[in-house]
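Chains, contacts and geometry: an overview
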Amino acid sequence: RDPETNEYSGFDIEIAKMVAADLGIAAEDITFVEIPSKNRETALANGEVDYYVGTYTINDDRKEQVSFAGPYFIAGQDLLVRADDDSITGPDDLDGKNVCSATGSTPIQRIKDEYPGAQTTEFDVYSKCVDALLDGEVDAVTTDDAILAGYAAEEPDDLAVVGTPFSEEPYGIGLAKDDAELQDFIAGALQRHQDNGDY
């Protein structure tokens, strides 16, 4: 969301618009709702949103609470560091480093599970992690490479994505649990748009 214009843009926004169009909903009639990562399952279960598009990794734990259509994109977890910091070139360099990510996200849990020598800091949104990185409060930000590339592009003199992705993150569209009709419709829409080149 552009704070000056309140306009939404980006890859996931385009996916959300594409699906809405197939449902017969014009782009101007979509109500976008910002949901912190840790609240996605609750928002879907409570009907706060009809479907969730936003770098939402399909995994077994989440499948117990929600349904998914997709995947529509495969990302990978990576690291964003200050451009002048050459002490981190990949996840094996994280011992003693402070790594930031969003609360409730797959990436922060992977750091805790697989790189226990790292310290972790969590915020509700990734942009706060990036601010903390720029301010020198944390040593790295971790999430999916597609997200980190966007932050690095905004601050090319100050930020850099390092190493290679160290996970596979299949993005899906989240739906209320067992909404098989909507799940089938959205899965079909995604496939049609991939097949016809719209995607």
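Residues numbered from 1 in each chain as written. Predicted model: local features only at pLDDT ≥ 70, side-chain atom pairs only at ≥ 80, totals over all residues. Heavy atoms only, no water.

Notes on the nonpolar core
Stated precisely, the cut-off is as follows: To form a nonpolar core, buried Ala, Val, Leu, Ile, Met, Phe, Trp, Tyr and Cys residues must be joined to one another through side-chain atoms within 4.5 Å. A simple rule labels every residue: compare its accessible area, found with a 1.4 Å probe on the protein chains alone, to the largest value its type can have, and call it buried under 20%, exposed over 50%, or partly exposed in between. Helix numbering and strand numbering both begin at the N terminus, where a helix is a DSSP run of H or I of at least 4 residues and a strand a DSSP run of E of at least 2. Any two residues whose heavy atoms approach within 4.5 Å at even a single point are treated as in contact.
If you look at the biggest cluster of nonpolar residues, it comprises 32 residues, and the most contacted ones within it are Tyr51, Leu80, Ile173, Ile186 and Leu190. Residue assignment for this core shows that the elements contributing at least two residues are helix H1 (11-22), strand E1 (66-75), strand E3 (98-102), helix H5 (126-134), helix H6 (145-154), strand E7 (169-176) and helix H7 (180-196). In this structure isoleucine 186 touches Val19, Tyr51, Ala69, Ile173 and Leu175, once residues within four positions along its chain are discounted.

Quick look at the sheet that holds strand E2 (residues 77-82)
Applied cut-off: If DSSP finds at least two bridges between two strands, the strands pair. Angles shown run from 0 to 180 degrees and are taken between the N-to-C directions of axes, each axis being a line fitted to C-alpha atoms and, for helices, limited to the stretch in contact.
An order of E4-E3-E5-E2-E6 is seen for the 5 strands of this open sheet, with the pairing classed as mixed. This sheet does not close on itself; its edge strands, each paired only once, are strand E4 (119-123) and strand E6 (159-162). Taking the axes of each pair of neighbouring strands and ignoring which way they run, one obtains an average angle of 30° across the sheet. Summarising the sheet, E2 and E6 pair through 4 bridges and their orientation is antiparallel. Its bridge partner lying in E6, leucine 79 is registered against valine 162. Strands E2, strand E5 (140-144) and E6 of the sheet are contacted by H6, whose axis makes an angle of about 130° with E5.

A short note on empty space enclosed by the protein
Basically, it comes down to this: The pocket and cavity definitions rest on a 1 Å grid over protein atoms only: a 1.4 Å probe that fits but cannot leave marks a cavity, an open set with protein on both sides within 12 Å along at least five of seven lines marks a pocket, and residues lining either have an atom within 4 Å of a point. Grid points are joined across faces, edges and corners, and a volume is the space filled by probe spheres set on the points. Under this grouping Gly is polar, as are all residues other than the nonpolar Ala, Val, Leu, Ile, Met, Phe, Trp, Tyr, Cys and Pro and the charged Asp, Glu, Lys and Arg.
Across all of its chains, the model carries 1 cavity of 30 Å³ or more by this definition. Taken as a whole, the largest cavity spans an internal volume of roughly 60 Å³. Lining the largest cavity, in full, are Ser37, Arg40, Thr55, Thr57, Arg62, Ser105, Thr106, Pro107, Tyr126, Thr143 and Asp144. Contributing elements (two or more residues each) for the lining of the largest cavity: helix H4 (106-114) and E5. For the lining of the largest cavity, the per-class residue count stands at 2 nonpolar, 6 polar and 3 charged.

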